Amino acid sequence: MAKRITIDPITRLEGHGKIEIFLDDAGDVKNAFFQIPELRGFEKFAEGRLVEEMPRITPKICGVCPTAHHMASGKTVDAVYGVTPPPAASKIRELVNSAFMTEDHALHFFFLGGPDFVVGPTAPKAERNILGVLGKVGLEVGGKVISMRKRLREIISTIGGRVIHPVCNIPGGVSRGPTKEERDQFIAVGRDAVEFAQFALTVFNDVVLNNKTYVDIIVGDIYKHNTYYMGLVDANNKVNLYDGQIRVVDPDGNEFAKFPVSQYLDHIAEHVEPWSYIKFPFLKKVGWKGFVDGKDSGVYRVSPLARLNASEGMATPLAQEEYEKMFSVLGGKPAHNTLAWHWARLIELLYSAERLLELASDEEILSDNIRTIPDKTPNEGMGVVEAPRGTLIHHYKTDERGRVQKANLIVATLGNSAAMCMSVEKAAKGLIKGGKVDDGILNMVEMAFRAYDPCMACATHSLLNTPLVDVVVRDPDGNETMRIYRDDAGNVRREKK
Amino acid sequence: MGKKPKVAIYWNASCGGCEEAVVDLAEDILKVVAAVDIIFWPVALDFKREDVEAMKDGSIAVSFINGAIRTSEQKEMVELLRKKSGLVVAFGSCAHMGGIPGLGNVTNRKEVFERVYGTSESLHNPEKVTPQRETGTDVGTLTLPEFCDTVQTLDQVIDVDYYLPGCAPPPDLIMNAINAILEGKLPPKGTVLAPDKSLCSDCPRKETKPDEIPIDKLTRVTDTTPDKEKCFLEQGLICMGPATRSGCGERCLSANMPCRGCFGPTTEVLDQGAAFLSALASNFDTKDPDEASEIASGVVDPIGVFYMYGLPSSLLKRVRLTENQ
């Protein structure tokens, strides 16, 4: 008896998503599809717009990572005008971007990806959430996370005006720099952020790495794909989240390509499927061979572990130590383990915090010289940054008055779109046998995409998830004091013990 | 239990920024959770559509709905939520006026598909595949919702009780709205829950704004670095402040950038872009038609600047659809 399992909508994902799993007569998985039922058409309605408005328009693609789009767009507009911002302007932009990466990565661990590990992948649904995490690591941590998020986001709104959709990037620089008082505050936040990142790594070490079961899941075959990896690197091939060249390594870890964003069309192409609105990027020089891994398939991966795989280390000292430790535990580089994305994300968290502190401490950001006014006729340009979810490329071509004629975007999440489909299918095939399916198994299928999708919105929204679904509140001795659950009629009920 | 009002939060063609805005309530979010039961929030909760379908009509006290309407699935969902809800609040610029995704009304489905799946520079699509409503595979049929030609505001699809403006709405206005609902101190239906005065009246630069702004030339931020103190319009930079409602906290202005109108117009204005155009043109510092047209040529993309957030809700609504679209 063939059966079909639909998970719709899948949860703790930014944007709409749907998983369809088809079972054969024996109840084993025949096929699984990860579908994206959404499209808004930014590339098309960008046509005709003023190019300097693009840094204000394109962040609306994603309210979770608007800062990444604002940065990629700002850099693209610079390229369109052939203008180089003064060093202070570039540093201010990177500082804002570092604050953003730090808050985003931190929240992912505690609110989204964290519950699957800290609480446990097949723990009851009721505990697999932020409250469960707090139960393990202590309540004060929750306050710490909320406060850290708020202070980091204040850095973005101080310079960018708004934290959701900042506006400071203009052609050739920024519209505003920090005052000395603001800068002093940035330094204080940066120091605390470094400490916070180290704390997060300690939690990961204690709760995940010291648990053999978890380590076995991480290194096991169900969550593993031998793919190419892509990420931005600096001149020394160290991870850089704001600028540099795009480096690609093959599944053996050898450099396959390294190029400036201006050559992206020689390296990246996008495949279309009739069953999803999302496109599937692949390495042009390898070719699209379908949803398969290996050296002959052009499927590549992006975002934290991909970036660490595609680099030769971290540019800051504390993050470098953690980088070395991770690859030694995972048995060398590249690491193909999808769930190790969570670990890599924490190493990038530490890097971003260290980089934030470095930039905040740099006297140059107080310079008045934060703008180079363009003097060339606008034409065509590309820009790239690393968004939390991967390599993000913008490409605009304009007329001589700076009106956009063509816009093309390779959005970060797309970089993993083929791999997410493969990971969901492989996890479903490995976990669902003989028609046996339960919540824990389906969650372990969802973990296959969640590892790629460090979505802060979803993550933080889980804070609200817990009191409303099925929660057990316990006193410090572990006695149940209250239970909040949904009854058969769908009403949320509370019971005091 | 059962006494706390039930609240739903839903999103359509949007970016997730409105969800972030709720999380940015920070400590206040705990007060909200204590006062209401959130019974549907797909981005965060595991409740599904059938859970909402099973509820009694009108049993949700209020649904906060963000995003514009672009797909068939979004239409069905908001119609369902309307039926189940006492109040519906259009949350954020996209639900209120169409927002930036509303700029999609300069084009249509066919052109979007041609660009995204046909001519995009990075595309490799030799068989010219496009997403289909239904795709047969050897294991079963996969479906996708319909992508519509026209972006609609929420109140073009369902009856809306209140509007929370902004991209995204600021925390203080969100909390005011929630408190008003909890305390039953609601203004007349159809009210935009923000001050009914122009941004200029709250602008930190208003002291430098002359009563009449003589504009002899328009400029762009590309060509100048905005002065940090002076009225943007006086600098010749287009700032939508005169035609835009206040209440945003002057966030863009604090970053030394002019307003782009995300709060929409005040009550007395029918069409934000037309109102701005009228205000702008009446300040042109000339009586000579040729000179006026010379100044006006500085407006390079009127639709993208005057209607950046509000094309679907404007009198224009969209660029005309022609044959075969």
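Bear in mind the structure is a predicted one, so any value in this text is a computation, not a measurement.

Overview of the overall build of chain A
Consideration 1: Assigned secondary structure in chain A consists of 16 helices and 17 strands.
Consideration 2: Burial statistics for chain A: of 497 residues in total, 67% are counted as buried.
Consideration 3: Across chain A, every contact between residues at least 6 apart in sequence was considered, and the portion connecting residues at least 24 apart equals 66%.
Consideration 4: When the accessible surface of chain A is split by element, carbon and sulfur atoms take 48% of a total near 15,600 Å².

Side note on the confidence of the model for chain A
Close inspection of predicted coordinates is inappropriate for parts of the model with low pLDDT.
Consideration 1: Averaged over all residues, the pLDDT of chain A is 85; the fraction at 70 or higher stands at 85%.
Consideration 2: Low confidence marks residues 454-476 of chain A, where pLDDT is under 50. Its contacts with residues over four positions away, or in another chain, come to 89 contacts.

Thoughts on the nonpolar core
Consideration 1: Counting residues in each nonpolar core, the largest one holds 232 residues, and the members touching the most others are Ile-21 of chain A together with Phe-64 and Leu-154 of chain B.
Consideration 2: Look past the residues within four positions of Phe-64 of chain B in its chain and what remains in contact with it is Val-7, Ala-8, Ile-9, Tyr-10, Val-89, Phe-91, Leu-164, Ile-178 and Ile-181 of chain B.
Consideration 3: Grouped together as the second largest cluster of nonpolar side chains are 18 residues, Met-230, Tyr-264, Ile-393 and Ile-410 of chain A included.

Some thoughts on helix α2 (residues 28-35) of chain B
All names here are of chain B.
Consideration 1: Listed as buried for α2 are Ile-29, Val-32 and Val-33. Taken around the axis of α2, the buried residues stretch over an arc of 95°, which confines them to a single face. Facing away from the buried side of α2 by more than 90 degrees, the exposed set consists of Lys-31 and Ala-34.

Some thoughts on a negative patch on the surface
Consideration 1: Together, Asp-216, Asp-285, Asp-288, Asp-290, Glu-291 and Glu-294 of chain B give the surface a local cluster of negative charge.
Consideration 2: In this structure, Glu-291 of chain B sits in helix α10 (residues 289-296).

Quick look at the interface of chain B and chain A
Accessible area lost upon the coming together of the parts is a frequently used measure of interface size.
Consideration 1: Counting residues at the interface gives 94 residues for chain B and 98 residues for chain A.
Consideration 2: Between chain B and chain A lies a buried interface of about 8,400 Å² when both sides are counted; carbon and sulfur atoms form 60% of it.
Consideration 3: Across the contact surface, chain B and chain A share eight salt bridges.
Consideration 4: Two residues, Arg-49 of chain A and Asp-301 of chain B, come together in a salt bridge whose shortest N-O distance is 2.8 Å.
Consideration 5: Put simply, chain B and chain A have 31 residue pairs in polar contact (both at pLDDT 80 or more) between them.
Consideration 6: Considering every element that reaches the side of chain B that touches chain A, the biggest residue donor is helix α6 (residues 109-119) of chain B, with six residues.
Consideration 7: For the side of chain B that touches chain A, the class distribution of residues is 47 nonpolar, 25 polar and 22 charged.

Regarding the packing of aromatic side chains
Consideration 1: Considering all chains together, one arrives at 20 aromatic pairs over all chains under this definition.
Consideration 2: When the centroid spacing of 6.4 Å and the interplanar angle of 55° are considered together, the rings of Tyr-277 of chain A and Phe-147 of chain B count as tilted. Highlighted residues: Tyr-277 of chain A in the loop between β9 (268-271) and β10 (280-283) and Phe-147 of chain B in strand β8 (residues 147-152), drawn from two different chains.
Consideration 3: Take Phe-147 of chain B: its relative accessible area is 1%, and that puts it in the buried class.
Consideration 4: Look at Phe-280 of chain A and Phe-291 of chain A: their rings are 5.1 Å apart centre to centre, the planes differ by 85°, and that puts the pair in the edge-to-face class. Of this pair, Phe-280 of chain A sits in strand β10 while Phe-291 of chain A sits in the loop between β10 and β11 (300-301), and the two are eleven residues apart along the sequence.
Consideration 5: According to the relative accessible area criterion, Phe-280 of chain A is buried, its value standing at 0%.
Consideration 6: Taken together, Phe-22, Phe-33, Trp-275, Phe-280, Phe-282, Trp-288 and Phe-291 of chain A form an aromatic cluster joined through their ring pairs.
Consideration 7: A cation over a ring is seen here: Lys-75 of chain A above Tyr-242 of chain A, with NZ or CZ 4.4 Å from the ring centre.

What to know about the pattern of salt bridges
Between side chains of opposite charge, a pair can form when the charged atoms approach closely.
Residues and elements named next belong to chain A.
Consideration 1: As enumerated under the stated definition, the model contains 44 salt bridges over all chains in all.
Consideration 2: Residue Glu-364 pairs with Lys-91 through a salt bridge whose shortest N-O separation is 2.7 Å. One end of the pair, Glu-364, is in the loop between α12 (341-360) and β12 (380-387); the other, Lys-91, is in helix α4 (residues 87-119), and 273 residues separate them in sequence.
Consideration 3: Glu-364 gets classed as partly exposed once you look at its relative accessible area, which sits at 29%.
Consideration 4: A residue is classified by how much of its surface remains accessible, and Lys-91, at 22% relative accessible area, is partly exposed.

What counts as what
Residues numbered from 1 in each chain as written. Chains lettered and ligands numbered in written order. Predicted model: local features only at pLDDT ≥ 70, side-chain atom pairs only at ≥ 80, totals over all residues. Heavy atoms only, no water. Helix = DSSP H or I, 4+ residues; strand = E, 2+ residues; numbered from the N terminus. Buried < 20%, exposed > 50% of the residue type's maximum accessible area, 1.4 Å probe, protein only. Contact = heavy atoms within 4.5 Å. Areas by Shrake-Rupley, 256 points an atom, 1.4 Å probe, with all protein chains shown as cover. pLDDT = per-residue confidence, 0-100. Core = buried A, V, L, I, M, F, W, Y, C linked by side-chain atoms within 4.5 Å. Arc of directions from axis to C-beta. Patch = residues over 30% accessible without salt bridge, like charges linked within 9 Å, V, L, I, M, F, W, Y side chains within 5 Å. Salt bridge = Lys/Arg side-chain N within 4 Å of Asp/Glu carboxyl O. Lys, Arg positive; Asp, Glu negative; His and termini not counted. Charge placed at Lys NZ, Arg CZ, Asp CG, Glu CD. Buried area = accessible area lost by both parts, 1.4 Å probe. Polar contact = N/O pair within 3.5 Å; in protein donor to acceptor, adjacent residues only side chain to side chain. Nonpolar A, V, L, I, M, F, W, Y, C, P; charged D, E, K, R; others polar. Phe/Tyr/Trp six-rings, centres within 6.5 Å; stacked < 30°, edge-to-face > 60°. Lys NZ or Arg CZ within 6 Å of the ring centre and 35° of its normal.

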